[in-house]
Amino acid sequence: MSRWCLIFLAVAACTAPKSKICRDTCTREADCHESKTPEDSTFDEGECIAACAALERDPETRGLVTVHAECVGKSESCRDVLECK
C-alpha cells in the first residue's frame, strides 16, 4: 500500500464518525480476543471500529456489517463471537 493511501486511511479513521453498532461489536470482539490469548492477541479494537465504520458507510458492504453485528450481538459465548464471519 502506498504511503499516501496509509495517510488517507489514518486521516479518514480519525475524522470518520464511529457508529454505535461498530463500537459495540468491536468492543465485544476485543474482549473475547483478549480473554482467549491476552499476550498473543493481534486484534486492534480501534482498527476494527475504523474498518467497520468504513464498511458501514458503503451501501454495497453495509449488509455485511449488519449480519456480522447481529451474529456477535446474539452470541452467548466468546467462542460463538469468534466464529462469527
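The notes below deal with the structure included here. (Residues numbered from 1 in each chain as written. Predicted model: local features only at pLDDT ≥ 70, side-chain atom pairs only at ≥ 80, totals over all residues. Heavy atoms only, no water.)

## Here's the deal with the nonpolar core
Right, so step 1: Ranked by size, the top nonpolar core spans six residues in total: C22, C26, C48, I49, C52 and V65.
Right, so step 2: When residues of this core are traced back to their parent elements, those giving at least two are α2 (20-36) and α3 (45-57).
Right, so step 3: Sorting elements by how many residues they give to this core places α3 first, with three residues. (Core = buried A, V, L, I, M, F, W, Y, C linked by side-chain atoms within 4.5 Å. Buried < 20%, exposed > 50% of the residue type's maximum accessible area, 1.4 Å probe, protein only. Helix = DSSP H or I, 4+ residues; strand = E, 2+ residues; numbered from the N terminus.)

## Quick notes on α3
Right, so step 1: Taking 1.5 Å as the rise per residue, α3 with 13 residues should run 18 Å; its terminal C-alpha atoms sit 18 Å apart, in good agreement.
Right, so step 2: If you check which residues of α3 are buried, you get C48, I49, A50, C52, A53 and E56.
Right, so step 3: One side-chain oxygen of the residue at the start of α3 lies 2.9 Å from the amide nitrogen of G46, identifying that residue as D44. (Expected span 1.5 Å × (residues − 1). Polar contact = N/O pair within 3.5 Å; in protein donor to acceptor, adjacent residues only side chain to side chain.)

## Some words on the state of the cysteines
Right, so step 1: Summed over the entire model, instances satisfying the criterion amount to four disulfides.
Right, so step 2: Disulfide partner of C71: C84, at an S-S distance of 2.0 Å. Because the sign of the S-S torsion sets the handedness, a value of about -85° for the bond joining C71 and C84 places this disulfide among the left-handed ones. Of this pair, C71 sits in helix α4 (residues 62-74) while C84 sits in the segment after α5 (78-83), and the two are 13 residues apart along the sequence.
Right, so step 3: Relative accessible area serves as the criterion here: at 9%, C84 is assigned to the buried category.
Right, so step 4: Within the protein chain, bonded cysteines paired by disulfides and numbered along the sequence follow the pattern 1-5, 2-4, 3-7, 6-8. (Disulfide = S-S within 2.5 Å.)

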